[in-house]
Amino acid sequence: EVDFNIEIIYEDNDILVRNKPSGLVIHSAPSVKEATLVDWLKSKNISLSTISGEERHGIVHRIDKETTGALVIAKNNFAHQKLSEQLQNKSMGRIYLAIIDLPLKENCEIDRPIGRNPKNRLKQTIIPNGRIAKTRFLKLCSNNKEELIACKLFTGRTHQIRVHLTTIGRFILGDTLYGQKKQNINRVMLHAREIYFIHPSNKKL
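Residues numbered from 1 in each chain as written. Predicted model: local features only at pLDDT ≥ 70, side-chain atom pairs only at ≥ 80, totals over all residues. Heavy atoms only, no water.

Enquirer: Quick question: what am I supposed to make of the overall build of the chain here?
Expert: For the chain, the count of helices and strands is three helices and ten strands. Order of helices (α) and strands (β) in the chain, N terminus to C terminus: β-β-α-β-α-β-β-β-β-β-β-α-β. On C-alpha atoms alone, the chain measures out to a radius of gyration of 17 Å, which is about the 17 Å that the 2.2 N^0.38 rule sets for 205 residues. With the principal axes as the frame, the chain shows a C-alpha extent of 45 × 40 × 35 Å. When each of the 205 residues of the chain is scored for burial, the buried share is 44%. Within the chain, contacts between residues at least 6 apart in sequence are counted, and of these 61% link residues at least 24 apart. Entry remark: accessible area of the chain is about 11200 Å², with carbon and sulfur atoms responsible for 48%. Put simply, the chain has 33 plus and 21 minus side-chain charges, and the middle of one group is 6 Å from the middle of the other. (Helix = DSSP H or I, 4+ residues; strand = E, 2+ residues; numbered from the N terminus. Rg over C-alpha atoms; globule rule 2.2 N^0.38 Å. Buried < 20%, exposed > 50% of the residue type's maximum accessible area, 1.4 Å probe, protein only. Contact = heavy atoms within 4.5 Å. Areas by Shrake-Rupley, 256 points an atom, 1.4 Å probe, with all protein chains shown as cover. Lys, Arg positive; Asp, Glu negative; His and termini not counted. Charge placed at Lys NZ, Arg CZ, Asp CG, Glu CD.)

Okay, here's the thing in structure tokens:
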């Protein structure tokens, strides 16, 4: 049963931007038993692009299940194609906010390839022959223990922010996969604050 609701950030004839809540899976997969965002969109009879396959109607890019924030959805194939091109050529960008366990020593940029961890299929890791991945981390504010940071994605690999943080000895609060196994937080403190792109039809940023 699809009985949840999702806040609208923006909508027109071509695109829909939703504020995804934590705990919601974007699209179906063999391991997914619960209702997904795509199921919800279909239940609302929202027009969706079809070029990414039956289970991924409208989905241009993903956000992890635990992550909250802005997700752009294509309502037709023209918009989907234009947005996918921007993902490929890096003119579409995403900025996340995260709360990490210890302050960064300094603002930094990590450019290290990511692939599936051969020892744990649930995790990604840095591997020499992995896919190119680049993230910039910026310090925002700290209480001398935890720190709020901004994360600029130049690529969109699975768990990219979380994996790159491990290379500098940091983890996102609530992340029990890459961080401490026992924490008093019930979700990963990662939020997709901003997404920017050229609108498929009016060509505005």
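More follows now that the structure is in view.
Enquirer: Help me understand the sheet that holds strand 2 (residues 15-20) in this model?
Expert: Read across the sheet, eight strands follow the order 1-2-3-10-4-9-8-5 without closing on themselves; strand pairing throughout is mixed. Of all the strands in the sheet, just strand 1 (7-11) and strand 5 (108-111) have a single pairing partner and so form its edges. Ignoring strand direction, the axes of neighbouring strands in this sheet form an average angle of 25°. Two strands pair when backbone bridges link them, and strand 4 (residues 93-100) and strand 9 (residues 147-153) are joined in this way by seven bridges, in the antiparallel orientation. Looking at strand 9, one finds that Ile99 is bridged to Leu148. In the packing of helix 2 (residues 77-89) onto the sheet, the strands contacted are strand 2, strand 3 (68-74) and strand 4, and the crossing angle to strand 3 comes to about 125°. (Pairing = 2+ DSSP bridges. Axes fitted to C-alpha atoms, helices over the stretch in contact; angles between N-to-C directions.)

Enquirer: Please explain the environment of Tyr96 as it appears in this structure.
Expert: Relative to the helices and strands, Tyr96 is located in strand 4. Residue class for Tyr96 comes out buried when judged on its relative accessible area of 5%. Through-space distance from the C-alpha of Tyr96 to that of His61 is 14 Å; in sequence the pair is 35 residues apart.

Enquirer: Which parts of the structure should I look at to understand unusual backbone geometry?
Expert: Peptide bonds are mostly trans, and most non-glycine residues show a negative phi. Backbone geometry places Asn45, a non-glycine residue, at a positive phi of 55°. Mapping Asn45 onto the fold places it in the loop between helix 1 (37-43) and strand 3. We classify Asn45 as exposed; its relative accessible area is 70%.

Enquirer: So what exactly am I meant to see when it comes to the side chain of Asn117 here?
Expert: Residue placement: Asn117 occurs in the loop between strand 6 (114-116) and strand 7 (124-126). On the accessibility criterion, Asn117 (14% relative accessible area) is buried. Ignoring sequence-local partners within four residues, the contact set of Asn117 consists of Lys123, Gln124 and Thr125.

Enquirer: Would you take a moment to explain the pairing of strand 1 for this structure?
Expert: The side chains of a regular strand alternate, residue by residue, between the two faces of the sheet. Pairing analysis gives four bridges linking strand 1 to strand 2, with the strands arranged antiparallel. Within the sheet, the bridge partner assigned to Tyr10 lies in strand 2 and is Val17. Two successive antiparallel strands, strand 1 and strand 2, enclose a turn made up of three residues.

Enquirer: Whenever I open this one, the nonpolar core confuses me. Can you help?
Expert: Side chains of a nonpolar character, in soluble globular proteins, are inclined to be buried together. Formed by 30 residues in total, the largest nonpolar core has its most connected members in Leu37, Leu41, Tyr96, Phe137, Ile149, Ile161 and Ile172. Where this core is concerned, the elements lending two or more residues are helix 1, strand 3, strand 4, strand 5, strand 9, helix 3 (160-166) and strand 10 (190-196). With four residues, the single largest contributor to this core is helix 1. Non-local contacts of Leu37, meaning those with residues more than four positions away in its chain, are made with Ile6, Leu24, Val25, Ile26, Ile59, Leu71 and Ile73. Of all hydrophobic cores here, the second largest spans eleven residues; its members include Val60, Ala70, Val72 and Ile195. (Core = buried A, V, L, I, M, F, W, Y, C linked by side-chain atoms within 4.5 Å.)

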